[in-house]
Amino acid sequence: MNGLLVLPVAIPLITATLALLFRKSSQLQRWIGVLGMVALLGAVLVLFRDVHNDGIQVLQLGNWAAPFGITLVADMLAMLMLGISAIMGVIIGIYSIFDIDRERERFGYYPLLHILIMGVNGSFLTGDIFNLYVWFEVMLIASFTLLALGNSKNQLQGALKYVFINLFSSLIFLFGVALLYGMTGTLNMADLAVRLPQVENTGLVTTVAMIFLVSFGIKSAIFPLFFWLPASYHTPPVAISAIFGGLLTKVGVYALIRVFTLLFTDASVHNDYLHHILLWVGGFTMVIGVLGAASHMEFRKILSFHIVSQIGYMIMGLAFNTAMGLMGAIFYVLHNILAKSNLFLISGIAQRLLGTFELKKMGGLYKHYPFLAVLFLISAFALAGFPPLSGFWAKLSLVKAGLSLELYVITGVAILVGLLTLFSMTKIWLTAFWGTVPEEVPGHFGKLPLFGAGKLYILVIPVMIIAGMIILVGLNAQPFLELCMTAAEQLLDTSVYIEAVLGPQ
Amino acid sequence: MLTVIALIFIVALVSPWIHKLFGNKSGWVLALLPFGSFLYLASWLPHITAGNVVQQSTPWVSMALFQVDLAFYLDGLSLMFGLIITGIGTFIVLYGSGYLSGDAYLSRFYCAVLLFMGSMLGVVLADNLISIFVFWELTSFTSFILIGFSHEQENSRKAALKALLVTGIGGLALLAGLVLMGFASGHWEVSALLNEGDIIRNHPHYLAILILVLAGAFTKSAQFPFSFWLPGAMAAPTPVSAYLHSATMVKAGVYLLARMNPVLGSTETWLILVGGFGLLTLLVSAWLALSFTDMKQILAYSTVMALGTMIMLIGLGTEMAMKGLAVYILSHAMYKGALFMVAGAVDHEAGTRDVLKLGGLRPLMPISFAAAALAAISMAGIPPLYGFIAKEIVYEAALEAPLWPVLVITLAVIANIAIVAASAIVVIRPFLGKKVETPKKAHEAPLTMWIGPLILAVLGVLFGVLPFLVDRSLMIPVASSVFGAPMDFYLSLWHGFNLPLVLSLLTLTGGILVYLVWDRLRESAPMKVYQSGFAMGPINGYEGLLAGLLGLAGWQTRTIQNGLMSNYLITILVTMLVAVGYTFITRSGLVWNHSFENMLLQEWALSIAILTSLGIILAFRNSRLTMVIGAGVVGFSLALIYLMHGAADLAMTQVLVETLTVILVVLVLIHVPKLIEVRSTTSRIRDAVVAVGAGVLMTLLILAVTAVPFDAFISEYYAEASYPLAHGRNIVNVILVDFRALDTMGEVVVVAIAGLAVYALIKMKRFGSPDDPETEGAAPDGTASKQGKSS
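Residues numbered from 1 in each chain as written. Chains lettered and ligands numbered in written order. Predicted model: local features only at pLDDT ≥ 70, side-chain atom pairs only at ≥ 80, totals over all residues. Heavy atoms only, no water.

> Looking at this model, I keep getting lost on the layout of surface pockets. Mind explaining?
Its boundaries defined by the atoms lining it, the second largest pocket holds a volume of some 1,600 Å³. Those elements giving two or more residues to the lining of the second largest pocket turn out to be α17 (370–383) and α20 (457–475) of chain A together with α1 (2–22), β1 (54–62), α5 (106–125) and α6 (129–147) of chain B. For the lining of the second largest pocket, the leading source of residues is α1 of chain B, giving ten residues. Of the residues that constitute the lining of the second largest pocket, the class distribution is 37 nonpolar, five polar and two charged. (1 Å grid on protein atoms, 1.4 Å probe; cavity = no way out; pocket = protein on both sides within 12 Å on 5 of 7 lines; lining within 4 Å. Points joined across faces, edges and corners; volume = space filled by probe spheres on them. Helix = DSSP H or I, 4+ residues; strand = E, 2+ residues; numbered from the N terminus. Nonpolar A, V, L, I, M, F, W, Y, C, P; charged D, E, K, R; others polar.)

Okay, here's the thing in structure tokens:
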């Protein structure tokens, strides 16, 4: 039992409550926001040390032994996700100080942001399938409100599609939970992992797995269920786009990884059917997403479609179902959160300088803001998997995993999609950065320095931090790959998780 | 060696500050870096000459399943490339400081060029397959940045993209090939692979590996039909063209194939593919050079021709071919580097590179002329220059070709005739003849810009006259590395009166004749057709492919992401129906062991009530009020079902929620406009089918699941533990606030946030800037109010 496990949920809740109490004071809220995120990061780091040294940490809430109460479980995968979520929290906390207007601050931006993080963290930590549903609800209501906050027409349009489709996903999820409960009489995931293999009708277990694939598939925006994402992610303020684009869809991916390695495994499903389907889904998601990105000319829409495409890579790694594949998938998730969020954050700075997100009306950033250009290059080429940046290791692990399984077609598709990713990144580079300065630009363009008056540095410093991390992970990949490998090995050997939760079997 | 490469990268990154510190002299300061690296590499020369190799390795990632070392391997081949990269690199840094002097981007040039140098050095020194790829990609990246140097010009940007995509796709193929090679052999170090060639060659994946590696090498080294990006890359400033796109980067593919020759080579497939592509490239591009008047374009196509020659030699794989390869690479790097730099100097001083607009520059630019003349003579293969020796051996190798020697030598001679003419054009036209009025008043280039070409050109003479300077020390180790076995030879100018010499004379004569008729030839119709076919053809192919891809992407996105909510929902539902339904039917099958005999009358009645109210909703779908009432009936029926099964508290909650919902919705409805049905009959039928399908599927699933015997151990535990342990008599309450308190807390948060959301959405003032993208799809979107519209 490790009491620290409540902190990743409790700290954001407390922070949100405090921020709500002081919602009249923007200044105070900003401080509370950043401090809350830093406290969260600290707690996660302490917990991380425990998991790293002593293995999976468990907390039985209310001291009710599993499977009767709700269990929080921190394995390496959960910790890596928590870690990246806390880092993004700090980054977004700082970026928001400048990016978010007073009106939004007055109407609960900070409480909503922290509740969102609370939901995300709860999803990572919970060891109970119904509790996961609850955290999804928390995330959904917080994210919907963040999307809609501001009430502009396109925001509401996007937010409505977002909320309807995601509610539908929750409905399917709940139905799946009910079926699982009907078959096993339990909701605790470790207990489910024990009981599902005992269900005689394995076909029914496979069917329920498909229900979860559809539900979490909607959440993580896979083909053909991704519509809500490109419809909504480009509408809110950049800080929100970044946390959504970076973090939120990955919660769906996390849930997929969790249920397809813990619940619907070879032991309970007995064949490769699900992995074949995941492979197809991954392939189509990659291709359709990247083509969507290629067809757009708006900074944030390109990024949004890329999210879809890159989810495909993660699904592919999951479908490989080997240590290498899972390691690649997990590494890909972590790297992608960094690179993708950073690109969104950069789009925000570019928009402040040029007054638009439309690439056709952008230009001159390389000429006047070379440092910003370098930051963009780092993030964009990392996203495309260029060495020696973080994305390279993600790509390399997946390529190696695919080739070692002799799955040539999907690996080939993954490689080609990498080139198309590069293509759509260069589209932004060739116009917004290399293009000539457009005729109509805000008066401050070229004069406003990144560091100095105008306080743009509040936006630039978070971007610098992430870019530094991308380089660090790229140059010194070993410890990060090892952590992902530990996570993958824990996933493949479910007995460790089960014993941690239920005690020796 | 890692230290050297790391040092180059670090200096590259701080070069803008070095430039600031030293101002005009920064070129000289920064040139010390490649020069120092050159000296370092040269210091290994005696060691290599003695037949040794140098191996250094630093682990980068070292895990059970994942091993990548920063391993380096220095033998004859990598040493020669290393010396070319650092040696010419020294001159390029100097040259760049003169060529771009006063340019605001000079520091960016230094930075990118040094980054490139480090990467390129990495490519040729790396031993580990993965680290080769790492540096390989870095050269593509830096090349992209450098080609787009004049980024405000559209064609620079396009050329940069073209180069990045072509070399990028090749690089990705290479990655796959290298990984397959590693899997096939179990070795990830080239040095280990060199002795394991048979394993790879006999492996079932040999052909795949070969094609993938060739894809990487051919795109990088501009083999036909992938050569089109290279002439486009001439949009870069001349120092970049001279360095990347002539002397070094484009030879990465040559290097790779030479390196892999002992591993992948000496098969018939290798001979046909590598030799064939090389031969085709050298023939096609040599004559294309004559269809241009821009000095850089002429040189670019002659570079492609040279690359083709090198690739062809690797394909031939004979001892003579290896010898030729070693000499040819060195001589080409020297004369072509020099010629490019002179072309840049002419452009810089006279304001144009078009040979038709130039003439009589010799008295004005005497040193540049001397360098250009010597280099061109070498390129034309005229004794006593080093280029002559190179060409003689190439001819000898062609004559000894293992397959169709007559064809090979004929094509080689035809191509070389064009190169002789091209050599003449780039020197005689600009420097000799009548003085022509040029856009700028020409004068000699500054020292930084002529010192490099002059030294390179003089070296060409020196090595030609005194070939023993390099043959034993460097050429033999190079040829041996590529051949994969020790070789021994010496070089000399005079080979006796033999067939290659006759062919050389023939080539020279032919070249001079072609030069004399060049003006007419260039303007002739066949030449135009030739140019549009072979130069423009691949470019059009590339652009067509790109446009097609974008078209497909646009069409796909418009179709899928069309902005219509109803389409989205229908797609999701159908996906679920198909995925879940198909799995259910094929994997599990229907489970039907329920008996309905024990169903009570009231249960039948309720079921009928629910179904009827659903029918009412469907029938009166135009009236919102009827729909609400129908939904209400369903909800209250559910409450009754709870009640019948003994869940009185649940039933009560349901009744309360249902009552409130109906009342609230009806109140809201008063303010909402009348619902108008806009769906066509077809889409209504479609919707009905999907809806009924979803309902039926769920019902069948529940029937199947309830057939599994239910283990109520958790409920039983709650019943037992509720009072003694949790001190609560109401089990539901205890579940909510104790057993599963976290769920409740989460739901409380949801409700609180919902309240906040309602408040914010009502009170907050409306945002929205004119720039906001109004729609999400490419097509005008259906707004929330016309959600129903479809088909």
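So, next bit.
> Where do I start with the packing of aromatic side chains in this structure?
Here a ring pair, both rings aromatic, is described through the centre-centre distance and the interplanar angle of the planes. Applying the stated criterion across every chain yields a total of 63 aromatic pairs over all chains. Between Trp 429 of chain A and Trp 434 of chain A, the ring centres sit 5.4 Å apart and the planes meet at 55°, which makes this aromatic pair tilted. Residues Trp 429 of chain A and Trp 434 of chain A agree in their burial class; the two are buried. Arranged with centres 5.0 Å apart and planes meeting at 50°, the rings of Tyr 530 of chain B and Phe 534 of chain B form a pair that is tilted. (Phe/Tyr/Trp six-rings, centres within 6.5 Å; stacked < 30°, edge-to-face > 60°. Buried < 20%, exposed > 50% of the residue type's maximum accessible area, 1.4 Å probe, protein only.)

> Where do I start with the pattern of salt bridges in this structure?
If the charged atoms of two oppositely charged side chains come close together, the side chains can form a pair. All names here are of chain B. Enumeration over the complete set of coordinates arrives at 23 salt bridges over all chains. A salt bridge links Arg 157 to Glu 154; the shortest N-O distance between them is 3.9 Å. Placement of both Arg 157 and Glu 154 in helix α7 (residues 154–185) is noted, with a separation of three residues, approximately one turn of the helix. Here the salt bridges share partners, and the residues they tie into one network are Arg 429, Asp 519, Arg 522, Glu 523 and Lys 528. (Salt bridge = Lys/Arg side-chain N within 4 Å of Asp/Glu carboxyl O.)

> Please explain empty space enclosed by the protein as it appears in this structure.
Gaps left between atoms are located by rolling a probe of water-molecule size over the structure's atoms. Residue and element names in this part refer to chain A. Per the counting criterion, the structure on display carries eight cavities of 30 Å³ or more. Approximately 110 Å³ is the volume attributed to the largest cavity. Taken together, Phe 136, Met 139, Leu 140, Ser 143, Tyr 162, Asn 166, Lys 219, Trp 228, Tyr 233, Leu 248, Val 251 and Gly 252 form the lining of the largest cavity. Those elements giving two or more residues to the lining of the largest cavity turn out to be α6 (129–148), α7 (153–184) and α11 (238–263). If one sorts the elements of the lining of the largest cavity by residue count, α6 sits on top with four residues.

> When you look at the nonpolar core in this model, what are you seeing that I'm missing?
As a rule of thumb, soluble globular proteins bury nonpolar side chains together. Of all hydrophobic cores here, the largest spans 487 residues; its most connected members are Ile 129, Phe 264, Trp 393, Trp 429 and Phe 433 of chain A together with Met 181 and Leu 264 of chain B. A total of 21 residues in this core trace back to one element, the largest contributor, which is helix α16 (residues 319–350) of chain B. Ignoring any residue separated from it by four or fewer positions in sequence, one finds Met 181 of chain B in contact with Leu 129, Gly 186, Leu 193, Ile 200, Ile 209, Val 213, Met 260, Val 263 and Leu 264 of chain B. Counting residues in hydrophobic clusters, the runner-up holds nine residues, among them Trp 64 of chain A together with Ile 714, Ala 721 and Phe 739 of chain B. (Core = buried A, V, L, I, M, F, W, Y, C linked by side-chain atoms within 4.5 Å. Contact = heavy atoms within 4.5 Å.)

> How do you make sense of the packing of helix α10 (residues 206–220) of chain B against helix α13 (residues 252–264) of chain B when you look at a structure like this?
Helix-helix packing is characterised by the crossing angle of the two axes and by the distance between the axes. Residue and element names in this part refer to chain B. As a packed pair, α10 and α13 sit with axes 7 Å apart at the nearest point and diverge in direction by 160°. With respect to α13, the element α10 is oriented roughly antiparallel. Helix-helix and strand crossings are classified by hand; for α10 and α13 the assignment is left-handed. Within the contact between the two elements, α10 uses Tyr 206, Ile 209, Leu 210, Val 213, Leu 214, Ala 217, Phe 218 and Lys 220 and α13 uses Ala 252, Gly 253, Leu 256, Leu 257 and Leu 264. (Axes fitted to C-alpha atoms, helices over the stretch in contact; angles between N-to-C directions. Parallel < 35°, antiparallel > 145°, perpendicular 65-115°, else oblique. Left-handed = near helix turned anticlockwise from the far one by under 90°.)

> Explain the interface of chain A and chain B to me, please; I cannot follow it from the model alone.
Many descriptions give the size of an interface as the accessible area lost when the pieces come together. Counting residues at the interface gives 132 residues for chain A and 114 residues for chain B. In this assembly, chain A packs against chain B so that about 11,100 Å² is buried in total across both faces, 74% of it on carbon and sulfur atoms. The largest contributions to the chain A side of the interface with chain B come from Trp 64, Phe 68 and Trp 434 of chain A, which together make up 8% of the buried area. At the boundary of chain A and chain B, one finds three salt bridges. Where Asp 128 of chain A meets Arg 740 of chain B, a salt bridge forms, and the shortest distance between an N and an O atom there is 2.5 Å. Applying the counting criterion to the chain A and chain B interface returns 20 residue pairs in polar contact (both at pLDDT 80 or more). Ranked by residues supplied to the side of chain A that touches chain B, first place goes to α7 of chain A with 16 residues. (Buried area = accessible area lost by both parts, 1.4 Å probe. Polar contact = N/O pair within 3.5 Å; in protein donor to acceptor, adjacent residues only side chain to side chain.)

> Hey, could you run me through the pairing of β1 of chain B in this one?
Residues and elements named next belong to chain B. Examined bridge by bridge, β1 and strand β2 (residues 67–74) share eight bridges and lie antiparallel to one another. When the sheet's bridge partners are listed, Gln 56 is paired in β2 with Phe 72. Turn length for the β1-β2 hairpin, with the two strands adjacent in sequence and antiparallel, is four residues. (Pairing = 2+ DSSP bridges.)

> Got a minute to help me understand unusual backbone geometry in this structure?
Generally, phi is negative for residues other than glycine and the peptide bonds are trans, each holding for most cases. Across the junction of Ala 66 of chain A and Pro 67 of chain A, the peptide omega takes the value 5°, indicating a cis bond. Here the amide bond leading from Phe 224 of chain B into Pro 225 of chain B is cis, since omega sits at 0°, within 30 degrees of zero. You can see Pro 225 of chain B is positioned in the loop between α10 and α11 (229–232). Its identity is not glycine, yet Trp 404 of chain B carries a phi of approximately 45°, on the positive side.

> Sorry, what's going on with helix α25 (residues 565–588) of chain B here?
Since the α-helix turns once every 3.6 residues, residues separated by three or four places project in the same direction. With 24 residues, α25 of chain B extends 33 Å between its outermost C-alpha atoms, agreeing within 8% with the 34 Å of an ideal straight helix rising 1.5 Å per residue. Looking one or two places after α25 of chain B, you find Gly 589 of chain B, whose phi comes out positive at around 85°. (Expected span 1.5 Å × (residues − 1).)

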